[in-house]
Amino acid sequence: FADFLQTEELQTVFTVLKLIVGVLILNHWIACLWYALGSAHPDSVSWVNNFERNSGVEATLHYRYVTSLHWALTQLTPASMEVVPTNTYE
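Note that the structure is a prediction, hence the values are computed from the model and not measured. (Residues numbered from 1 in each chain as written. Predicted model: local features only at pLDDT ≥ 70, side-chain atom pairs only at ≥ 80, totals over all residues. Heavy atoms only, no water.)

A. Broad picture of helix 4 (residues 61-75). Taking 1.5 Å of rise per residue, 15 residues should cover 21 Å, and helix 4 covers 21 Å from first to last C-alpha, within 8% of that figure. By the burial criterion, the buried members of helix 4 are Arg 64, Thr 67, Ser 68, Trp 71, Ala 72 and Thr 74. The buried side chains of helix 4 occupy one side of the element, clustering within an arc of 165 degrees when seen end-on. Looking at the buried side of helix 4, the elements it contacts are helix 2 (8-39) and helix 3 (47-55). (Helix = DSSP H or I, 4+ residues; strand = E, 2+ residues; numbered from the N terminus. Expected span 1.5 Å × (residues − 1). Buried < 20%, exposed > 50% of the residue type's maximum accessible area, 1.4 Å probe, protein only. Arc of directions from axis to C-beta. Contact = heavy atoms within 4.5 Å.)

B. Structural detail: a nonpolar patch on the surface. Taken together, the side chains of Val 13, Phe 14, Val 16, Leu 17, Ile 20, Leu 24 and Leu 73 define a hydrophobic patch exposed on the protein surface, amounting to about 600 Å² of accessible area. By residue number, the principal contributor to the nonpolar patch is helix 2, which donates six residues. (Patch = residues over 30% accessible without salt bridge, like charges linked within 9 Å, V, L, I, M, F, W, Y side chains within 5 Å. Areas by Shrake-Rupley, 256 points an atom, 1.4 Å probe, with all protein chains shown as cover. Salt bridge = Lys/Arg side-chain N within 4 Å of Asp/Glu carboxyl O.)

C. Geometry of the layout of surface pockets. Estimates place the volume of the largest pocket at around 180 Å³. Around the largest pocket, the lining residues are Trp 47, Val 48, Asn 50, Phe 51, Ala 59, Tyr 63, Arg 64, Thr 67, Glu 82, Val 83, Val 84 and Thr 86. Sorting the residues of the lining of the largest pocket by element identifies helix 3 and helix 4 as the ones contributing at least two each. The element contributing the most residues to the lining of the largest pocket is helix 3, with four residues. (1 Å grid on protein atoms, 1.4 Å probe; cavity = no way out; pocket = protein on both sides within 12 Å on 5 of 7 lines; lining within 4 Å. Points joined across faces, edges and corners; volume = space filled by probe spheres on them.)

D. Broad picture of the packing of aromatic side chains. One pass over the structure, following the stated rule, counts three aromatic pairs. Measuring from centroid to centroid gives 5.9 Å for Trp 34 and Trp 47, while their planes differ by 5 degrees, and the two rings are stacked. Taken together, the positions of Trp 34 in helix 2 and Trp 47 in helix 3 put the pair 13 residues apart, joining distant regions of the chain. Centroid distance Tyr 35 to Trp 47: 6.3 Å. Interplanar angle 70 degrees. Geometry classified as edge-to-face. Placement of the pair is Tyr 35 in helix 2 and Trp 47 in helix 3, with a sequence separation of twelve residues. Note on Tyr 35: relative accessible area 23%, which makes it partly exposed. (Phe/Tyr/Trp six-rings, centres within 6.5 Å; stacked < 30°, edge-to-face > 60°.)

This is how it looks when you write it as structure tokens:
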């Protein structure tokens, strides 16, 4: 078992896992910043208020976080996202 822990394959797996965790942490911070920008001015037009106005439903904090995280992930990939900046700060 000790030989397995020192194999090149396992080191590669740990390197890939560290990169994935790093990307997830970076996306978490970007998502938090994106949400903070959208909710900084509650009376102005923002992506946070846009959803609630268009759907008539108040989004839960969990939904807003997942939406922010999804937006952050799409900024690093060629995917698209329906949430777009709606004011100067965003």
